[in-house]
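# Overview (structure and organization)
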Amino acid sequence: MQRLSRTSAWPVHGRQGIQVLEAQLQACSPIPLMGKAGLATAQLALALAPYAQRIWVAAGPGNNGGDGLEAAMHLHQWGKAVRVSLLGKAQNLPADAHAAWQRAQAAGVQINSELPASWLEDMGPLDLCIDALLGMGATRPLSCEMQTWVQAINRCPAPVLAIDLPTGLNPESGQLLGDATDTALLVQADHTLTFIAAKAGLFMGHGRDACGQIWLDCLGFRDGISVPPPQALLNDSKPRPIKRHASHKGSHGDVAIIGGEAMAAHGMGMTGAAVLAATAALHAGAGRVILSLLSGQHAESVPPDLMQREWQRLDLEKLHVVCGCGGGQTVQSVMAEVLRRSGQLVLDADGLNAVAQDDKLQVGLRQRTDAQPTVITPHPLEAARLLNISTTEVQSDRLKAAQNLADQLRCTVVLKGSGTVIAAPGQTPRINTSGNGRLAIGGTGDVLAGLIGARMAQGLGAFDAACTAAAQHGQLADDWPPNKALTASRLAQRLA
Ligand SMILES: NC(=O)C1=CN([C@@H]2O[C@H](COP(=O)(O)OP(=O)(O)OC[C@H]3O[C@@H](n4cnc5c(N)ncnc54)[C@H](O)[C@@H]3O)[C@@H](O)[C@H]2O)[C@@H](O)CC1
Ligand SMILES: [K+]
């Protein structure tokens, strides 16, 4: 068993991949895998809460419930006061889970069909709760009874250890089951022990909030097991590439930021986004940063190290161009040329909306050559516009949406959101695990675009630049002092 850390590129598998692995693991295991899963759960429970005496296991009607029953048996045998609430009838449990129920009963574990309220008094306050209601079999909306049990777990003041995944979570998308929107219908765990392999939903959408610390037990994985291609890898990029001592400003590349429409239709200037991206590129260590406001005017109050130049005077072919930030409608008029001529390109925000609205620009993006790598950084709504699908469809399979975009537009895609996905043609997608809700404010996307531009300028390929930048951007937010407001401009200045 191991704690899933950000420093390894853990493979992520979907249901099919898990089933393929499961069948092989079971074939070479002398005992049912459920026995191993239950023992691992009990061991982790003991390690997490060594002094826990009163433990409640909420067990569901499938094999996830079976894992819970196995764990309950061990904890009972180790002297803990364990109560199991079993949702459903024991005779309806699948074979392995039914056998686990029999073993737990024979060992003397108390198993009720009720929630704790009615029997808690004789037991005293709980020290630990184990969520064994639903695992990989969770596909449909929660039944009313299951909803009540999930809410009971969430009301429980004791720490919660979820088996395989928190109940209520779609293991593949990280969304709530049945596209529910009420997060009260999702167990909020302090720890999640997942089996066989990491699942995408744990690292995306609501999974990021609901899982707590994630642990993985591969249930006896060994050499000789044939591993199907993973759906994705966790992004293990090191946040900070080191600058070589033997370098000069030319070694770190020139970044040009094109954006910042002066007066938008609503009468407000939009230079801030472009200035943020430029500031980010500057602080991230690009050799030189040129700010090109689409108004043709020069911005005031910008760092003196930023150069300013009209976009028409840029030597686009030689530059690492970041285009779109606050570009408004005006960016539409420059896009064809930017796509055709820019050496390396990061497209963000209004640049992406321009592409989504114009088939010719999409062709222009697809026709960029291998020597003109491109990174696009859509949030889910921008991705939905580009793919001509709904945001819900994007969110229900973020890995697929990112990969489809990458293949269609022949570029690297950074699909932002909870669990940013980085995809590119011919690459296994990466799921970024750093970052938190504090990044969900205006301007942080501009900072990310500028940071990617800087990393490309420093010599990283498009995919690596995107992975590295996403890791660093998120890590900064994770390390941000809790009592200090995180703003995009402060974030840009903290890059190094
Ligand atoms: N199959 C195996 O070899 C192993 C399975 N393991 C455990 O088994 C789990 C998967 O077991 P299952 O496939 O039985 O699936 P689950 O135990 O996740 O759930 C299936 C049961 O829940 C019910 N159900 C599904 N969605 C529901 C909803 N929304 N509301 C109410 N009831 C719902 C189904 O009717 C079925 O009775 C894994 O997550 C893992 O915890 C582990 O023991 C490792 C080995
Ligand atoms: K569970």
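These notes cover the structure that comes with them. Everything quoted here is computed from the prediction, not taken from an experiment.

## Observations concerning the pairing of strand E6 (residues 128–132)
Burial analysis of E6 places five of its five residues in the buried class, which makes it a mostly covered element. Burial of the side chains of E6 extends over both faces: Leu128, Ile130 and Ala132 are buried on one face and Cys129 and Asp131 on the other. Here strand E3 (residues 54–59) runs beside E6; their pairing, made up of five bridges, is parallel. Counterpart to Val57 in the pairing with E6 is Ile130. Both E6 and strand E7 (residues 160–163) contribute to a ladder of three bridges, which runs parallel. Across the sheet, the residue bridging to Asp131 is Ala162, located in E7. Note that the unit made of E6, helix H5 (residues 144–155) and E7 has a crossover that is right-handed.

## Considering the sheet that holds E3
Spatial strand order, E1-E9-E8-E7-E6-E3-E4-E5: eight strands in an open sheet with mixed pairing. Two strands close off the open sheet at either side, each with one partner strand: strand E1 (2–3) and strand E5 (110–112). Bridge count between E7 and strand E8 (residues 191–195): three bridges; the pairing is parallel. Looking at the pairing, Ala162 lines up with Thr192 of E8. Against the sheet, helix H2 (residues 33–48) touches E3, E6, E7, E8 and strand E9 (213–217), its axis set at about 155 degrees to E8.

## Things to note about the pairing of E9
Most of E9 sits inside the fold, with four of its five residues counted as buried. As paired elements, E1 and E9 share two bridges and run antiparallel to each other. Across the sheet, the residue bridging to Arg3 is Trp215, located in E9.

## Let's talk about the site of ligand 1
Within the structure, ligand 1 sits among 28 residues, and Gly62, Asn63, Asn64, Gly135 and Gly137 are positioned closest to it. Those elements that place two or more of their residues in the shell around ligand 1 are helix H1 (15–27), H2 and helix H3 (63–77). Residue contributions to the shell around ligand 1 peak at four residues, all from H3.

The rules behind the values
- Residues numbered from 1 in each chain as written.
- Chains lettered and ligands numbered in written order.
- Predicted model: local features only at pLDDT ≥ 70, side-chain atom pairs only at ≥ 80, totals over all residues.
- Buried ≥ 20, exposed ≤ 12 C-beta atoms within 10 Å, placed from the backbone.
- Helix = DSSP H or I, 4+ residues; strand = E, 2+ residues; numbered from the N terminus.
- Pairing = 2+ DSSP bridges.
- Right-handed = clockwise from strand over helix to strand, strands pointing away.
- Contact = placed C-beta atoms within 7 Å.
- Axes fitted to C-alpha atoms, helices over the stretch in contact; angles between N-to-C directions.
- Near = placed C-beta within 6 Å.

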